[in-house]
Amino acid sequence: MAKNVTKCMTIGALTLVFWIVSLVIMDKVSDRNDLSNKTVDEITKSWSKSQDFSGPIICVPVYSDNEKSPYTCMYVLPEQYTVEADVESQILHRGIFDASVYRTKIEASGSYNLKNMKLNELDQASASVIRYDWNHAQIIVSIGDKRGLEEGICVSVDGQDIELNKRFNSYMNTNIRPLFYGDMVCCQMDLSEMVGKEIPFSLHSNLKGSETLDISPVGVNSKIVIRGNCADPSFDGMVLPSSREVSDDGFEASWKINCMNRNDVDQVFYSTESISLQHVGVKLLIKGGQYTQTDRALKYAFLVILLSLAAVFVAEMCVKTEISFLNYLLIGAAVVLFYLLLLSISEWTGFAVAYLLSVILTVGMITATVALINRLYRPVESL
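Note that the structure is a prediction, hence the values are computed from the model and not measured. (Residues numbered from 1 in each chain as written. Predicted model: local features only at pLDDT ≥ 70, side-chain atom pairs only at ≥ 80, totals over all residues. Heavy atoms only, no water.)

With that settled, the discussion passes to the nonpolar core. As a rule of thumb, soluble globular proteins bury nonpolar side chains together. Of all hydrophobic cores here, the largest spans 69 residues; its most connected members are Trp-134 and Ile-226. Here this core takes six residues from strand β1 (residues 51–64), the largest share from any one element. Judged by nonpolar contacts, the second largest core, of 29 residues, contains Ile-25, Phe-313, Ala-334 and Leu-342. (Core = buried A, V, L, I, M, F, W, Y, C linked by side-chain atoms within 4.5 Å. Buried < 20%, exposed > 50% of the residue type's maximum accessible area, 1.4 Å probe, protein only. Helix = DSSP H or I, 4+ residues; strand = E, 2+ residues; numbered from the N terminus.)

Below, the structure is given as C-alpha cells:
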C-alpha cells in the first residue's frame, strides 16, 4: 500500500514536470504565431492592407459673413445607397506562411436629397448670414489603404463624370480636419446648380486589399451585397447579413440597413473633426489556423499527461507487473513529444493531418514501450 501511495505521488510530480515542459512548447507556439503575423504584415504592406470603404459623401464648406475662411464643413450622406462588391481572393505564400489577399470590384449607386438645402440662410442668434459654398463642394470616398488603388475612383453625379484622385482640401482652415481617420480620395465639384433637387450618383472602383473588406452603410436606406470565391468567410460589423449563402465555390451575403440602425452620424451633419462610421463586412479566412488550434490542444496538456500516466499505473495494478520510474518517465516524455510533433508537422500539412500523424506516432511509441515492458518484466507474485 505504501509503495502504491509513493508511486501515485511520483506520478503527480512527473505530471507537474511534464506540464511545465508543455508550457515551454506553448510559448514556442506563441513565438511561431507572432512570426506568422509579422510575415503576413510584411506581405500585406507590399500588397495592400484591409479596406474599409465609405462614401461617396458630399462635403460643403460653411462660411459666416464675419469670417474670411470656413469655420466648419457640412457633410451630406446619401438618401438611397446600394453597393455590390465582387471579391476575388487568393493566397500569397512566403516560406511556410500564408496571407489572404484579394481584388474587388465595387459598384455603388444611389441619390442625394438636396431638396431642403440652401445657398444662404440667416443665423438668428448672431444676425449674420451663413453661406454654403456649393461651388467648392468636394466628393469624398474613404478607403483603408490607398495603395490598393491602381487607378482613381470613377464617380458620376447627376450625369457629370469625375475621378476621385486628389487629397482632401481643408479650405485654408487648419482647424478643419479630413472627415475620416483612414485614407481619403476626393475631387472638388460645383454643385450649386443641383441645390434643391434629388440627384443620382454612381461609383465604380477597383481595389486591392487583404484579409478584411468593410463597407459603411451610409444611406438612409442601404443595401450592401458582397460576394466572393472564398470558401471560409467570417461576417462581422454592426449587424450580421440579412441573408447569406456559403459553399465550397464561394459566398454571397447581403445586408439591408436603415439609418435608424446606425448610431454614428445624421444624414446631414457638421464637423471639423475626424470621425469613425460603423460598417459591415467580411473577413476572408485561411483554412487551418494551426497555431490557434495547437494552443487550444496544449491547454489540455496537464489532463492528458495525468490520464496517460494514471492509465499505465492502473494497467500495472491489473496485470500485477511493477514498472520502473524510468518507464513512466519515457511515457510522459512521449506524450509531451506529441505536442511538439503537432506544432512542427502542422506548419506543413495543416492541423487535422498533423494531429492524426502525431497521434499515430505517439500511440505507436507508447504501445511499443508497454509491449516491451510486458516482455521484460515478470509479474509480481501475489501475497
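The subject of this paragraph is the sheet that holds strand β4 (residues 97–113). Pairing within the open sheet is mixed, and its eight strands lie in the order β9-β8-β11-β4-β3-β13-β16-β15. Only two strands of the sheet have a single neighbouring strand rather than two, namely β9 (160–164) and β15 (243–247). In this sheet, adjacent strand axes meet at a mean angle of 15° when their direction is disregarded. Looking at chain direction, strand β3 (residues 80–94) and β4 are connected through 15 bridges and run antiparallel. Bridged to Leu-92 within β4 is Ala-99. (Pairing = 2+ DSSP bridges. Axes fitted to C-alpha atoms, helices over the stretch in contact; angles between N-to-C directions.)

This part is about the packing of aromatic side chains. How two aromatic rings sit relative to each other is given by the distance of their centres and the angle of their planes. Under the counting rule described, the total for this entry stands at eight aromatic pairs. Here the aromatic rings of Phe-338 and Tyr-339 are separated by 4.9 Å at their centres, their planes lie at 75°, and the arrangement is edge-to-face. Neither residue differs from the other here; Phe-338 and Tyr-339 are each classed as buried. With 5.7 Å between their ring centres and 40° between their planes, Phe-351 and Tyr-355 make a pair best called tilted. Residue Phe-351 and its partner Tyr-355 are both found in helix α5 (residues 351–376); the two are separated by four residues, about one turn of the helix. (Phe/Tyr/Trp six-rings, centres within 6.5 Å; stacked < 30°, edge-to-face > 60°.)

Looking now at a nonpolar patch on the surface. A contiguous nonpolar patch, built from Leu-16, Ile-20, Phe-302 and Leu-306 and spanning about 320 Å² of accessible area, is present on the exposed surface. Listing elements by their share of the nonpolar patch, those giving two or more residues are α1 (2–47) and α3 (301–319). As for its position among the elements, Phe-302 is in helix α3. Residue class for Phe-302 comes out partly exposed when judged on its relative accessible area of 35%. (Patch = residues over 30% accessible without salt bridge, like charges linked within 9 Å, V, L, I, M, F, W, Y side chains within 5 Å. Areas by Shrake-Rupley, 256 points an atom, 1.4 Å probe, with all protein chains shown as cover. Salt bridge = Lys/Arg side-chain N within 4 Å of Asp/Glu carboxyl O.)

What follows is about the confidence of the model for the protein. Averaged over the protein, the pLDDT score is 84; the fraction of residues at 70 or greater is 92%. At the low end of the mean pLDDT range in the protein sits strand β5 (residues 120–123), at 73; at the high end sits strand β13 (residues 221–228), at 94. (pLDDT = per-residue confidence, 0-100.)

A few words now on unusual backbone geometry. The omega angle of the peptide bond from Gly-55 to Pro-56 is 5°, so this bond is cis rather than trans. At Asp-158, a residue that is not glycine, the phi angle is positive and equals roughly 55°. Its place among the elements puts Asp-158 in the loop between β8 (153–157) and β9. One non-glycine residue, Glu-211, lies in positive phi territory at about 65°. Tracing the backbone through its elements, the reader meets Glu-211 in the loop between β11 (198–210) and β12 (212–215). Accessibility expressed as a relative area gives 31% for Glu-211, which makes it partly exposed.

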